[in-house]
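As a plain string of letters, each chain reads:
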Amino acid sequence: SAVISQKPSRDICQRGTSLTIQCQVDSQVTMMFWYRQQPGQSLTLIATANQGSEATYESGFVIDKFPISRPNLTFSTLTVSNMSPEDSSIYLCSVEASKTEAFFGQGTRLTVV
Amino acid sequence: DQQVKQNSPSLSVQEGRISILNCDYTNSMFDYFLWYKKYPAEGPTFLISISSIKDKNEDGRFTVFLNKSAKHLSLHIVPSQPGDSAVYFCAARRYYGGATNKLIFGTGTLLAVQP
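All values derive from a computational prediction rather than experimental measurement.

1. Let's talk about the side chain of R36 of chain A
All names here are of chain A. Note that R36 resides in strand β4 (residues 31–37). One buried charged residue, R36, forms no salt bridge at all, with the nearest opposite charge on D87 at 4.4 Å. In this view, R36 contacts S42, L43, T44, I46, F61, F66, D87, S89, I90 and Y91; residues no more than four positions away in its chain are not counted.

Now the structure itself:
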């Protein structure tokens, strides 16, 4: 299994500002995934982050709004830029353990006021 | 277009009885289905999965059943315990080639197990 640490666990931010979320894994992984869970909604994949290349974004998500870094095989960051109240969500990073299993961090609960 | 649906937002069950959580999907290209449990302020925890070529997988108190023709799966928990109280997410995986697997999640079902 993989242990994933996410920071911060929660934050309250002013609109128009940016927040960077960090994700640290205790083992080397090829791919890391970033998800968003809006209130009352399911988890939605934002992007897939490969070490050494640009992240691949899902439909409806763009790099300018959610820039991602993946400097090495154990670490990634997701930035939520120019925040608005609609960005209030739980953001989660995830890694694959196998074809049939994925592990998640504890999530970052973001509130934009 | 919600490809994975959990139509029951909540379920209440007595301790010791069976909990049945349901999930429907629309995309026949999904090759694995997974169930996750989530407590407040924690990330989802993997519970059990099933391949699309199987119809049942069992792990202790947890059993997942897959009905491909109906595009329906269910998670059975027996006997239910108060510690099982959490939100349960159904997820479906579609393999896109290379090393990329994408999970598509349902909206979750809040299970409350009453002592």
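That covers the picture; the talk isn't over yet.
2. What to know about the pattern of salt bridges
Residues and elements named next belong to chain A. Counting across every chain of the model gives four salt bridges over all chains. One salt bridge connects D87 with K65, and the closest N-O pair in it is separated by 2.6 Å. Of this pair, D87 sits in the loop between β8 (75–80) and β9 (89–98) while K65 sits in the loop between β6 (56–57) and β7 (68–72), and the two are 22 residues apart along the sequence. The same class applies to D87 as to K65, namely buried.

3. A short note on the environment of F33 of chain A
Residues and elements named next belong to chain A. Checked against the element boundaries, F33 lands in strand β4. You can call F33 buried: its relative accessible area is 2%. Distance in space between the C-alpha atoms of F33 and E86 is 21 Å, their sequence separation being 53 residues.

4. Quick look at the interface of chain B and chain A
Opposite the 21 residues of chain B that make contact, chain A presents 19 residues. Carbon and sulfur atoms make up 57% of the surface buried where chain B meets chain A, a total of about 1,700 Å² over both sides. Linking chain B to chain A there are zero salt bridges. If you look at where chain B meets chain A, you find three residue pairs in polar contact (both at pLDDT 80 or more). The set of elements that each furnish at least two residues to the side of chain B that touches chain A consists of β4 (32–38), β5 (45–51), β9 (86–95) and β10 (101–105) of chain B. For the side of chain B that touches chain A, the class distribution of residues is ten nonpolar, seven polar and four charged.

Parameters at a glance
Residues numbered from 1 in each chain as written. Chains lettered and ligands numbered in written order. Predicted model: local features only at pLDDT ≥ 70, side-chain atom pairs only at ≥ 80, totals over all residues. Heavy atoms only, no water. Helix = DSSP H or I, 4+ residues; strand = E, 2+ residues; numbered from the N terminus. Buried < 20%, exposed > 50% of the residue type's maximum accessible area, 1.4 Å probe, protein only. Lys, Arg positive; Asp, Glu negative; His and termini not counted. Salt bridge = Lys/Arg side-chain N within 4 Å of Asp/Glu carboxyl O. Contact = heavy atoms within 4.5 Å. Buried area = accessible area lost by both parts, 1.4 Å probe. Polar contact = N/O pair within 3.5 Å; in protein donor to acceptor, adjacent residues only side chain to side chain. Nonpolar A, V, L, I, M, F, W, Y, C, P; charged D, E, K, R; others polar.

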